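Take a look at the letters that make up each chain.
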Amino acid sequence: MNVQISNQTLGRVEADAACLLLCEDEVAPAEVHAGWLAELKTSGEFTGKSGEMAIAHLPAGFAAKRLVLIGGGKREQFDGAALRKAVGGAVRALKAKGVKSLAWVLDGGDAEAAAEGALLANFEPDHHKSKKESKALETFLLLADASLQPAVDRGVILAESQNFTRELVNEPGNLLTPGVLAARAREMAAEAGLECDILDQDRMKQLGMGSLLGVAQGSVEPPYLIVLRYTPAAAPKSKDHLGLVGKGVTFDTGGVSIKPSEGMEKMKYDMAGGAAVLGAMRAIAQLKPSIPVTALIPTVENHVSGKAQRPGDIVTSMAGKTIEVLNTDAEGRLILVDAITYAQRLGCTHLVDAATLTGAIVVALGYVHIGAFTNNDAMMARVAAAGKAEGEKMWQMPLDDEYRDLLKSPFADLANIGGRWGGSISAAWFLREFAGDTPWVHLDIAGTAWLEENKPFMAKGPSGIAVRTFARLALDW
Ligand code: BES
Ligand code: MN
Ligand code: ZN
């Protein structure tokens, strides 16, 4: 889709739909027919509440084919996140009616968020459908001052990167194996101008990544550790070096501790954290923050076979800690810890990871908030600020010392599960053992990386959560 700024007015712009946002109790500009508005209000069809839409066809005095009023809710609460959703809601509703070009009066709003809303709403997870069910918008015209072009450009980069992530997450396990994910990462890195190093099984063996390799051994698909590097052009002022780590399990059967078959098809999205890191790096390469960023995506398939890891197996991680694998379905943490250790080896001073790590986080927070865990309040504050700025909700979970005891094993340094209660917390503690003193935030995105239902502003399926938060974190460092 083509996203452009236009200096046309609401009345003069030529488009299939010209949209005007009205919050509750707001009056429309004079060119909008007052009789129509009064009628809409008395009938209760349009009062400015969020989610409302009223359409006038062939409106007198307008060049556009439709004049569309979009409800914005309370003006005091109408922020960038609300604008992203309002634009998205209009795009999804109107493209379904065959609208190809849509104009939007920005009127002081956040141009970056508006561009994002349009692009994110235009995405459909229909890559493998021979006949596309829904029609796509072709042009989004933002009626705004030309000085806002840089903000629009940022929004386009961020949203297209998020859609890049959604495309990857949507791919099924047969078509997106660890090898394919690594190839896609290499291709993206070449286009974006990022350094790329992909470690294969032999190199990981040499490095002693026994924890990661133990998970991979049950699959015929070889594992990889994808490493991408962004280096700012100017020498950075501080020694800070951000590491982004993402879980890249291309399919999670659970291994020998196999999952129930019902719903197992969803486990193709178990690489959503890794894909989010790739999307963020795509954006970072273009937006050029001043901090160096290294991305690490351990990618494996967690499968069952005669060579698969058994419950009770003891593996040795790259950090030297031994792990008793009590449940082969707790595989995400096993691959992440070797990536965390390697990130430290590469010089990362600050770490964030994103992972579809636990079903327990869905029990705790549902589909709304990311679960956030940290060993460092200042680092948490940075990540929380980035999330807030991008409208990606997160909720900090506790990580007190008392929970560490859940991971005690009589036979190894650590067990890979901590029992049923507080499952997301023991999983986070497992990662923390390896993060050590490095300031670190863990985002459990199991509940937020996949939308179970269509939203007015986004199709159901992969959400691309955490891409914008990660990119913003690097940009605002
Ligand atoms: N990939 C799953 C977590 C998950 C569950 C993601 C539901 C998305 C939706 C993870 O590898 C897993 O299987 N976790 C186990 C941990 C348990 C064995 C301690 C879980 O959550 O059940
Ligand atoms: Mn699992
Ligand atoms: Zn998993």
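Just so it is clear, the model here is predicted, and its values are computed rather than measured.

Conventions we followed
Residues numbered from 1 in each chain as written. Chains lettered and ligands numbered in written order. Predicted model: local features only at pLDDT ≥ 70, side-chain atom pairs only at ≥ 80, totals over all residues. Heavy atoms only, no water. Buried < 20%, exposed > 50% of the residue type's maximum accessible area, 1.4 Å probe, protein only. Helix = DSSP H or I, 4+ residues; strand = E, 2+ residues; numbered from the N terminus. Pairing = 2+ DSSP bridges. Right-handed = clockwise from strand over helix to strand, strands pointing away. Donors = N, O, S within 2.8 Å, 3.2 Å for Na, K, Ca; no water. Expected span 1.5 Å × (residues − 1). Domains from an automatic or database assignment. Buried area = accessible area lost by both parts, 1.4 Å probe. Salt bridge = Lys/Arg side-chain N within 4 Å of Asp/Glu carboxyl O. Polar contact = N/O pair within 3.5 Å; in protein donor to acceptor, adjacent residues only side chain to side chain. Patch = residues over 30% accessible without salt bridge, like charges linked within 9 Å, V, L, I, M, F, W, Y side chains within 5 Å. Areas by Shrake-Rupley, 256 points an atom, 1.4 Å probe, with all protein chains shown as cover. Tetrahedral: all angles 85-135°; square planar, octahedral: opposite > 155°, others 65-115°.

Side-chain direction in a regular strand flips from residue to residue, so the side chains alternate between the two faces of the sheet. Within strand β5 (residues 101-105), five of the five residues are buried, which leaves it mostly tucked inside the rest of the structure. Side chains Ser101, Ala103 and Val105 of β5 all project onto a buried face; the interleaved residues Leu102 and Trp104 project onto the opposite face, where all are buried too. Judged from the five bridges that link them, β5 and strand β6 (residues 139-143) form a sheet pairing that is parallel. What sits directly across from alanine 103, in β6, is leucine 141. Read from β5 through helix α3 (residues 111-122) to β6, the crossover connection turns out right-handed.

Bringing the coordination of the manganese ion (ligand 2) into the picture now. Protein-derived coordination of the manganese ion (ligand 2) comes from Asp252 (OD), Asp329 (O), Asp329 (OD) and Glu331 (OE), at a distance range of 2.0 to 2.2 Å. Counting residues between consecutive donors of the manganese ion (ligand 2) along the chain gives the motif D-x76-D-x1-E. Between the manganese ion (ligand 2) and the zinc ion (ligand 3), a separation of 3.1 Å is found, and both are coordinated by aspartate 252. One end of the pair, aspartate 252, is in strand β10 (residues 248-252); the other, glutamate 331, is in the loop between β13 (322-325) and α9 (332-345), and 79 residues separate them in sequence. On the accessibility criterion, aspartate 252 (2% relative accessible area) is buried.

Attention shifts here to helix α12 (residues 423-435). Over its 13 residues, α12 extends 19 Å from the first C-alpha to the last, a length consistent with the 18 Å expected when each residue adds 1.5 Å. Of all 13 residues in α12, eleven are buried; the element is thus mostly enclosed. Of the positions making up α12, those classed as buried are Gly423, Ser424, Ile425, Ser426, Ala427, Ala428, Trp429, Phe430, Leu431, Phe434 and Ala435. Positive backbone phi, approximately 60°, marks glycine 436, located one or two places after α12.

Moving on: the domain arrangement of the chain. The domain boundaries assigned to the chain delineate domain 1 (2-146) and domain 2 (158-475). Between domain 1 and domain 2, the C-alpha centre-to-centre distance is 37 Å. Both sides together, the interface formed by domain 1 and domain 2 hides about 1600 Å², and carbon and sulfur atoms give 58% of it. Of all residues in domain 1, Arg92, Leu120 and Phe123 give up the largest surface area on contact with domain 2, accounting jointly for 39% of the area buried on that side. The interface formed by domain 1 and domain 2 includes three salt bridges. Taking the shortest distance from any N to any O, the salt bridge between glutamate 116 and arginine 468 comes out at 3.6 Å. Summed over the shared surface of domain 1 and domain 2, the number is nine residue pairs in polar contact (both at pLDDT 80 or more).

Attention shifts here to a nonpolar patch on the surface. Taken together, the side chains of Val256, Ile258 and Val304 make up a nonpolar region of the molecular surface, amounting to roughly 220 Å² of accessible area. Its place among the elements puts valine 304 in the loop between β11 (293-302) and β12 (313-316). Its relative accessible area of 34% is what places valine 304 among the partly exposed residues.

What follows deals with the sheet that holds β13. Read from one edge to the other, the open sheet built from three strands follows the order β12-β13-β17, with strand pairing classed as mixed. Among the strands making up the open sheet, the edge pair consists of β12 and β17 (414-415). Pairing analysis gives four bridges linking β12 to β13, with the strands arranged antiparallel. What sits directly across from valine 315, in β13, is isoleucine 323.

Donor atoms from the polypeptide that bind the zinc ion (ligand 3) are Lys247 (NZ), Asp252 (OD), Asp270 (OD) and Glu331 (OE), placed at 2.0 to 2.4 Å. One can describe the donor arrangement at the zinc ion (ligand 3) as octahedral, given that its six donor atoms subtend angles of 78 to 175° at the metal. Read N to C, the donor residues that coordinate the zinc ion (ligand 3) are spaced as K-x4-D-x17-D-x60-E. A residue is classified by how much of its surface remains accessible, and aspartate 270, at 2% relative accessible area, is buried. Assessed through its relative accessible area of 0%, glutamate 331 is described here as buried.

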